[in-house]
Amino acid sequence: MTGSIVGISLGLLCCIYVSTLHENDLWFSNIKEVEREISFRTECGLYYSYYKQMLKAPSIQQGLYELIHDNTTESKRTINILQRMNIYQEVFLSILYRILHIQTYLEPIYFYIYTVFALQTVYVIALFITSWLLSDSWLAGALSGVWYILNRVDTTRVEFTISLRENWSIPFFALQVAAITCYLRPQLKPIQQRVVLWLVFVSTFCFCLTWQFNQFVLLVQALIIFTLDCLDFFTVVSLYLMQVFSLLLVWLLQFCNSMILGSLVLSFIVSALFIKHFQTGLKTGGFVIRVGKLALHTLLVLTLTFTINYSAKTILQLKSDEHIFKFIKAKFGFGATRDFDASLYLCEEAFGLLPLDTFERLAGTVLFAVALRAAVTLFFVLFSYQNNRKREDRTFSMRPDVSYNLLHTVFFGLLSFSTMRMKYLWTGHMCAFAAFGVCGKEVWSLYLRVLHCNTKTMFWPRLMEEISELREFYDPDTVELMEWIRLKTPKRAVFAGSMQLLAGIKLCTGRVLTNHPHYEDQALRERTRQVYQIYARQSAEEVHKVLSSVGADYIVLEDSICYERRHSRGCRLRDLLDLANGHIMDGPGENEPDLILATHPRFCEAIKTDMPPYSTLFTRVFKNKTFNVYKLKKLKKKNKAENSP
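Right, let's walk through the structure included here. Computed from a prediction, not measured in an experiment: that's the story for all the values here.

### Regarding the pattern of salt bridges
- Using the criterion set out here, one finds 27 salt bridges in the structure.
- Its salt-bridge partner being K423, residue D154 comes within 2.8 Å of it at the nearest N-O pair. Here D154 is found in helix α9 (residues 152-155), whereas its partner K423 is found in the loop between α21 (400-418) and α22 (424-439), with 269 residues between them in sequence.
- For K423, a relative accessible area of 5% corresponds to the buried category.
- One salt bridge connects D578 with R537, and the closest N-O pair in it is separated by 3.4 Å. Taken together, the positions of D578 in helix α30 (residues 573-580) and R537 in the loop between α27 (522-531) and α28 (540-549) put the pair 41 residues apart, joining distant regions of the chain. One exposure class covers both D578 and R537, and it is buried.
- Among the charged side chains, a salt-bridge network with shared partners connects E74, R77, R84 and D521.

In structure tokens:
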């Protein structure tokens with residue numbers, strides 16, 4: 001009872017903490033509604049706009065119909081938002097807000113953000129349970145919760161990216177890990193196993209439903225399960241099936257989204273189960289013989305995985321996720337860096353390597369040192385366990401739940417190191433694993449001598465300083481732009497521009513877009529590259545032709561992109577476009593100046609001269625310090641008489 005109260009209290013404390021930071025950073029309660037909506041940056045605004053759209057619909061049925069037959073997110077196209085994007089959480093919240101009759105007491109935007117912050121409570125409680133189960137001590141759970149809060153900079157970014165899919169899904173993933181940990185505990189009764197397995201399924205389903213990257217996370221988890229199966233720790237079929245059933249249910253709810261059927265994780269699970277069924281005697285023989293058998297087993301599984309996946313994508317004509325594999329190949333030097341989509345990801349800091357200062361911050365709270373020591377120690381135990389499986393005098397028996405959490409920490413640590421955005425899948429779980437390293441009965445004696453709690457970092461004053469620091473959201477240029485669009489343009493006007501800004505335009509004004517930040521569609525990626533020619537070295541006629549082909553009425557040019565200085569040379573958007581268009585010879589790097597092959601000036605710069613041919617094709621209708629909006633002039637079509645000799 002005491003442990004439960006402590007766990008819930010820590011979860012609520014974390015929820016209040018991030019909510020306070022959000023309020024103090026933006027003065028959210030005192031700014032205008034349009035400023036609140038603008039604070040949902042990039043894709044966050046796009047996702048929130050569907051919650052807003054559902055609430056504005058005359059009925060739930062009409063709102064769902066408009067999402068299934070959406071013609072405002074991509075101009076000249078009608079798409080099924082529920083199929084394309086993972087927004088069932090917005091649909092569920094909008095329905096809940098309607099039926100609870102709390103409109104008088106709570107604004108819709110607060111109902112939304114408080115729900116996301118409340119999921120942090122779920123997250124901390126899940127970590128609390130995981131470390132409690134591993135160590136049999138709720139003190140470990142308390143330590144994991146405290147570590148999570150102390151390392152808030154590296155464990156979550158929910159306070160300024162509220163609508164990101166990961167903030168919805170990772171708490172459910174943590175619940176799934178807690179359920180798996182419970183499922184793998186020794187001496188669990190069959191009825192208890194069935195109940196816990198049901199919890200694994202529900203949490204896995206919720207995780208998959210709320211994040212489009214679910215297949216890649218589950219692939220890493222499937223590799224962990226596969227490794228433990230090869231080491232003969234537990235029977236894996238049930239856990240594999242929970243992953244498969246969850247993905248298939250999401251596939252049905254997303255109107256048979258082919259991206260799920262073509263996922264690597266499904267191909268891998270099918271291959272692993274198929275080879276496991278036919279390759280008997282895998283775990284027999286001496287050490288060397290077993291290693292040889294496991295190597296052959298792994299090779300067969302991987303070969304069959306890629307064969308099935310290639311066949312599935314060929315049959316389904318699937319190209320929705322090809323940009324991710326282009327990025328992976330380019331990141332590790334196996335693909336061409338001239339590809340626009342791959343370069344766009346490579347040049348984003350979030351998709352780069354994990355910065356070294358992350359380890360400095362984690363070491364400042366003793367978290368990383370404890371987790372590293374626990375992992376190294378348990379790896380030695382794991383290796384010893386495999387070499388001495390037939391001995392009866394082992395002083396330490398490697399439990400399946402401990403081995404799973406060990407490999408979970410290691411595998412997702414490697415994923416985080418390779419891609420910074422994925423660190424939030426690792427750092428939270430590391431808090432639970434490190435807490436086990438401190439409080440676990442099996443390794444307690446190893447850390448009494450080596451744990452150093454005397455650190456120069458003063459945690460409590462730093463937390464209080466963060467909470468007491470008051471700021472205010474201030475972006476008058478964007479507010480002015482949104483107000484102008486809302487008041488001065490037709491409701492069905494089509495806007496072209498950067499993905500990030502257009503998401504905000506849809507949320508704040510409801511206007512039609514040419515493109516948006518949800519990048520998991522091959523046709524949309526191609527359209528985005530075409531629209532981005534407004535920042536390339538292209539003629540006015542060519543840009544006008546491209547924009548007209550996607551139905552654009554207005555273009556919004558941003559000086560922050562046209563004259564970008566944030567990225568290094570070669571990684572600015574204009575450089576990536578020039579490289580993709582063949583207008584420069586080389587790519588990113590601090591090498592000699594690029595050889596420019598283009599015959600036209602940069603469009604976003606040249607259009608500001610208001611000289612022909614730009615003034616013939618475009619009219620400037622809005623300008624402030626940050627944005628320039630131009631309206632496309634309609635070209636008169638020549639009739640046959642004018643074209644005849």
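### Remarks on unusual backbone geometry
- The step from P612 to P613 runs through a cis peptide bond, and the omega angle for that step is 0 degrees.
- Among the structural elements, P613 can be located in the loop between α31 (603-606) and α32 (614-617).
- The backbone of W27 shows a phi angle near 55 degrees, a positive value even though the residue is not glycine.
- The topology assignment puts W27 in the loop between α1 (2-26) and α2 (33-38).
- Assessed through its relative accessible area of 38%, W27 is described here as partly exposed.
- Within the chain, Q187 stands out as a residue other than glycine whose phi angle is a positive 60 degrees.
- Structurally, the position occupied by Q187 is in the loop between α10 (165-183) and α11 (190-209).
- Since its relative accessible area comes to 75%, Q187 is described here as exposed.

What counts and how
Residues numbered from 1 in each chain as written. Predicted model: local features only at pLDDT ≥ 70, side-chain atom pairs only at ≥ 80, totals over all residues. Heavy atoms only, no water. Salt bridge = Lys/Arg side-chain N within 4 Å of Asp/Glu carboxyl O. Helix = DSSP H or I, 4+ residues; strand = E, 2+ residues; numbered from the N terminus. Buried < 20%, exposed > 50% of the residue type's maximum accessible area, 1.4 Å probe, protein only.

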